[in-house]
Structure formats: structure tokens, C-alpha cells
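Summary of structural features
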Amino acid sequence: MSRHPEVKWAQRSDKVFITVLLPDSKNAKVNLEPEGVFTFSANAGADNNLYELKLELHDKVNVEESKINIGVRSIFCILEKAEKVWWNKLLRGDGKTPHYVKVDWDKWVDEDEENGIGDLDLGGMDFSNFGNMGGMGDGGMGDFEDSDDEEQEVTKPEGDAKPEEVVAGTSEKKEAAPST
């Protein structure tokens, strides 16, 4: 019995990016037919399990212009579309997308943003970080950790105010002046 590897996809008007996430795969075979049938098979894991995949893509592709890179952690494919149009979804038919096929948000660009910043630079792609959830960096849960930064944000008092009268860099006094 074969298993299904995890697949991520994204698109542009002229191409579809498909990444098969299967670390340390052996005997990887990828086949692409002009009608838009993408097949994949490889062995992986400690038990040398067979992983197979057949995706009937939304539309036709240009096999000669498509590129496939078999890496250590993943198999990355750039499939050139036969027609330069945006697909509503990756697979043809009205069925639900299989659970192992997911959107690749790292490569995704909306149709109206495609001509904006520029195309995806694939020259120096680092496949070793593919398993990490990109974008979480320092802005993730780190914002909730206790930090000593608050004490450093206090500014020097202005004028001849005494330091004990200053509250977090403002000239406000802690106590109200007694009224006469």
C-alpha cells in the first residue's frame, strides 16, 4: 500500500509551483503530461515506504518548459501553464481538494498583486528551511516574553524636574500639587 506525501502549491498567471515535501526520498520519479496530469513516486522513511501521487491539474501544461528539481528535503517543480490564465484551483473536477494538498503561502501571490514587487527569485532557494513555518521569526510569540526593555525606554527628565517627578519620560508629576 502506498502513502501520499504532503504537497504545497502556488501559482502565477503563467506557472504553477508544486513542492512535494518528502525528505530523504529515493528513486524519485516525476512525470508530467501535456493534459495536466502530474504523477510522482518515491521511497522514503526508515521502512522505505512507497509514496505515490497523481494530480489531475486544472488545465493543460507545457511539459518542455517545465522544470523539476529533486532536492534532499523536497521535490520542487515549476510547471509552465499552456495558457497564461489564473486557475480557480489546482485540481480539475468539483471534488474536495485532498487533505495532503495545501497552499504554499511562502510563494503565494494574489492575482492583482502579481505585477507588483516582482517575481519569485528561485536562484538561491534554501531547501533546508522548507520544514520551518516561515514568517514567525522574532515577531511571533517572542512579543509576549518578559523583557527588560521597558526600563531602557525611560528618557531623561527635561528642565529642572527631579527624576522622581518624571513618569516614563513625560513631565507629569506623580502627585497633584496641593491647592491653596
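Residues numbered from 1 in each chain as written. Predicted model: local features only at pLDDT ≥ 70, side-chain atom pairs only at ≥ 80, totals over all residues. Heavy atoms only, no water.

1. Digging into the environment of Lys-26
By secondary structure assignment, the location of Lys-26 is in strand S3 (residues 26–33). Distance from Lys-26 to Ala-42, taken between C-alpha atoms, is 5.7 Å for residues 16 residues apart in sequence. (Helix = DSSP H or I, 4+ residues; strand = E, 2+ residues; numbered from the N terminus.)

2. Section: the pairing of strand S6 (residues 61–70)
Examined bridge by bridge, S6 and strand S7 (residues 74–81) share six bridges and lie antiparallel to one another. Along S7, the bridge assignment pairs Ile-68 with Cys-77. Connecting the antiparallel pair S6 and S7 is a turn made up of three residues. (Pairing = 2+ DSSP bridges.)

3. Details of the environment of Asn-48
Positionally, Asn-48 belongs in the loop between strand S4 (37–44) and strand S5 (49–56). If we ignore the near neighbours within four places in the chain, the residues touching Asn-48 are Lys-26 and Asn-43. (Contact = heavy atoms within 4.5 Å.)

4. Some remarks on the packing of aromatic side chains
Taken as a whole and judged by the stated rule, the model has three aromatic pairs. Ring geometry for Trp-9 against Trp-108: centres 5.3 Å apart, planes inclined by 90°, an arrangement best described as edge-to-face. Placement of Trp-9 in strand S1 (residues 6–11) and of Trp-108 in the loop between strand S8 (101–103) and helix H1 (149–152) is noted, with a sequence separation of 99 residues between them. Classification of Trp-9 as buried rests on a relative accessible area of 8%. By relative accessible area, Trp-108 is classed as partly exposed at 24%. With a centroid separation of 6.2 Å and 10° between ring planes, the pair formed by Phe-17 and Phe-76 is classed as stacked. Placement of Phe-17 in strand S2 (residues 15–21) and of Phe-76 in strand S7 is noted, with a sequence separation of 59 residues between them. Of the two residues examined, Phe-17 and Phe-76, each falls in the buried class. (Phe/Tyr/Trp six-rings, centres within 6.5 Å; stacked < 30°, edge-to-face > 60°. Buried < 20%, exposed > 50% of the residue type's maximum accessible area, 1.4 Å probe, protein only.)

5. Things to note about the nonpolar core
Ile-18, Phe-38, Leu-57, Leu-79 and Leu-90 are the most contacted members of the largest nonpolar core, which has 24 residues in total. Those elements that place two or more of their residues in this core are S1, S2, S4, S5 and S7. (Core = buried A, V, L, I, M, F, W, Y, C linked by side-chain atoms within 4.5 Å.)

6. A few points about the side chain of Ser-13
Turning to its location among the elements, Ser-13 is positioned in the loop between S1 and S2. For Ser-13, a relative accessible area of 18% gives the class buried. Those residues within four positions of Ser-13 in sequence are excluded, and the remaining contacts are Lys-81, Glu-83, Lys-84, Val-85, Trp-86 and Glu-114.

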